[in-house]
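Summary of the model geometry
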Amino acid sequence: MFANKVVTKEEALSKIHDGQTIMFGDWHGEFAADEIIEGMLEKGVTDIHAIAVSAGMPDQGVGKLIVAKRVKSIITTHIGLNPVAKDQMLAGELDVEFSPQGTWAERIRCGGAGLGGCLTPTGLGTEVAEGKQVLTINGKDYLLELPLRADVALVKATKADKAGNISFRLNSRATNSTIALAADFVIAEVEELVEVGELGPEEIDVPAPIVDMVYVRTGEKRPMCPMWQRAKAKAEAKAKAAEGGGK
C-alpha cells in the first residue's frame, strides 16, 4: 500500500504562509507551478523570502509575486528578465542577493545533502565576496558559500503517480530536482497523473519519499514551456510560408 499524495489546490495552499522561505523551480517562469502561484496571489500570501534562479518575468512564475509586491527578498542569479524587480530593488522595496548560477545551484545541493557549504573561487574580488569567509586551500583562495534551504519548494513536473514519484520532460527538470531535496515540504504541480507502476525507474527523477503533495493542474496543459511554444510556432509558420512560396 502507499499514501495517496494527490491534493486539491486549497490543500496545497494550506501549507504556504506569510514570511516563509520558498524555493521556486520555475526557470524564469518557463517551468512554473502557475496555478499554485496564482492561488498564493488570491490567498494574499506576502513577505515571501524567495529562492529562484531568476526573478522570473512580470507575467510568469515568481515574477507575478514580485509584481504584486508579495516578495520581501530573493536569492537569485539575475533579475534581468523582470524590470519590475530591478525597479523594486533600486527603490529599496526588494532585497536582492545575487549568487553566481553555479554557486547558487551548489548551495542548494549542499542544503539538500546536509553539508556545511561549498568552496569556490567564483566571486573573489567582487561584490559577491563581501562579508564572506575566504579560506586558503593548497595556496589557493576560495569563498565559503553557505547552504540554502527553504520551508517549501514549489516544483513543476510533467508527470507524477499517486504515490508522489515525479518525472520531468527534457529541460523542464532545470532546477526542480535540486530544490526538491532542499526544502522541509515539497509540493509538485504536475501536468499529468498516472497510476503507481506506470512510471518506469528510469523515468522517476524525484522519488516519492521526497515529495509531500501532488497537485494536478486543471487549466491549460503546458508540457512545453512558452519560449519553446513560441519557437515551434515560428518554425512551423516559416515552413508553411516556404511551402506556399514553392507552389
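As a reminder, the structure under discussion sits directly above these lines.
As a starting point, this report considers the structure included with it. (Residues numbered from 1 in each chain as written. Predicted model: local features only at pLDDT ≥ 70, side-chain atom pairs only at ≥ 80, totals over all residues. Heavy atoms only, no water.)

For the rest of this paragraph, the subject is the pairing of strand 5 (residues 95–98). Working note: regular strand, side chains alternate between the two faces of the sheet. When strand 4 (residues 71–76) meets strand 5, the two strands line up parallel, connected through four bridges. Across the sheet, the residue bridging to Thr76 is Phe98, located in strand 5. Regarding the hand of the β-α-β motif, the stretch spanning strand 4, helix 4 (residues 83–90) and strand 5 is right-handed. (Pairing = 2+ DSSP bridges. Helix = DSSP H or I, 4+ residues; strand = E, 2+ residues; numbered from the N terminus. Right-handed = clockwise from strand over helix to strand, strands pointing away.)

Before going further, it helps to examine the pattern of salt bridges. Going through the model one piece at a time under the given rule, you end up with 13 salt bridges. A salt bridge links Glu93 to Lys69; the shortest N-O distance between them is 3.6 Å. Within this pair, whereas Glu93 is found in the loop between helix 4 and strand 5, its partner Lys69 is found in the loop between helix 3 (62–67) and strand 4, the two being separated by 24 residues in sequence. Classification of Glu93 as partly exposed rests on a relative accessible area of 42%. Here Arg217 and Glu191 are joined by a salt bridge, their closest N and O atoms 3.7 Å apart. Separated by 26 residues along the polypeptide, Arg217 in the loop between strand 12 (213–216) and helix 7 (226–245) and Glu191 in strand 11 (residues 183–194) bring together distant segments of the chain. Summarising the burial analysis for this pair, Arg217 and Glu191 share the class buried. Each of the salt bridges in this network shares a partner with another, and the network as a whole consists of Asp34, Lys156, Glu189, Glu191 and Arg217. (Salt bridge = Lys/Arg side-chain N within 4 Å of Asp/Glu carboxyl O. Buried < 20%, exposed > 50% of the residue type's maximum accessible area, 1.4 Å probe, protein only.)

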